[in-house]
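# Residue-level structural notes
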Amino acid sequence: SLSIIILTYNSTRYITPFLDSLFDLYGEKIASKEFELIIFDNNSTDDSIKLAKNYLKKFSTQELADGKEMEKSSSSIKIISSTENLGYAKGINHAFAYVSSKYFLVLNPDAQVLKIDIENLERLFEEGKSTLAIGGRLESYEGVPEKSIGKFYSPLTFLIFSLGFEEMFHLLYSLNTTSEVDFLSGGAIAFRSEYFKKMNGYDEKYFMYVEDMDLCYRANKLGYDTHFLSFASIKHAGQGSSSREFAVTNIY
């Protein structure tokens, strides 16, 4: 009923706690093939993929090399290794090629899963026939809600962001109630597979950052919509593979 995509890149210090949190809650659903787990590694130079394989060796796991002919498998866990760092947008698109469910959820490995309410998620997707994406609740490890919802940028609002005033001007914010929004952070976001495929996924010209805003913007132009819903509750370290300077540069 749900595919979960994890994109790893030098995620050694995060991957085991992440998998612990996921399997403590949903190990049975993954083992019974109700949930599907897809780990796509962006050519990490650390032990990210080794740790993931060791963790998952007690399960039926299919290992694949990205770019090879896709193999058919009944396994509910797939680990795909890339021979190069494709970046975030292209990496997610490549991982999506292995998705077999109607909806899929993208989670960052620098996180711990507290809840995934699949019934509520499916309900909102079924009620909103034009809904492309639904974002979950992110919070810091200290329990502070993460501002993971944003308004589309303009030259002026990007200047405000680059100066660090995005929160003051409410360009990024958090919510406790279900609401239609401009765009969502990719840290915990669920997609309707059919629409994601129709839109050719993320724009691969973006290496990292802005791809989530761009996708939601293009969806808006096509008549699709984007919602926030507390279907998932995630503790998130944030910028686990980057820094603020790297983020501002790539968003620019």
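Residues numbered from 1 in each chain as written. Predicted model: local features only at pLDDT ≥ 70, side-chain atom pairs only at ≥ 80, totals over all residues. Heavy atoms only, no water.

Before going further, it helps to examine the nonpolar core. Core analysis: the largest hydrophobic core is formed by 40 residues, its most contacted members being Leu132, Phe191 and Tyr202. A per-element tally of this core places helix 3 (residues 88–96) first, with 5 residues. Ignoring sequence-local partners within four residues, the contact set of Leu132 consists of Phe125, Ala190, Phe191, Arg192, Tyr195, Phe196, Met199, Leu215, Ala219, Tyr224 and Asp225. Of all hydrophobic cores here, the second largest spans 37 residues; its members include Leu19, Tyr55, Ile77 and Leu105. (Core = buried A, V, L, I, M, F, W, Y, C linked by side-chain atoms within 4.5 Å. Buried < 20%, exposed > 50% of the residue type's maximum accessible area, 1.4 Å probe, protein only. Helix = DSSP H or I, 4+ residues; strand = E, 2+ residues; numbered from the N terminus. Contact = heavy atoms within 4.5 Å.)

Here we take up helix 7 (residues 211–221). All buried positions along helix 7 are accounted for by Glu211, Asp212, Met213, Asp214, Leu215, Cys216 and Ala219. Next to the buried residues of helix 7 lie helix 3, strand 7 (131–139), strand 11 (183–184), strand 12 (188–192), helix 6 (193–198) and strand 13 (225–236). Immediately downstream of helix 7, the backbone of Gly223 shows phi near 95 degrees, a positive value.

Position of Glu245 among the secondary structure elements: in helix 8 (residues 244–251). Glu245 sits in the exposed class, given a relative accessible area of 64%. Separated by 83 residues in sequence, Glu245 and Ser162 place their C-alpha atoms 9.5 Å apart.

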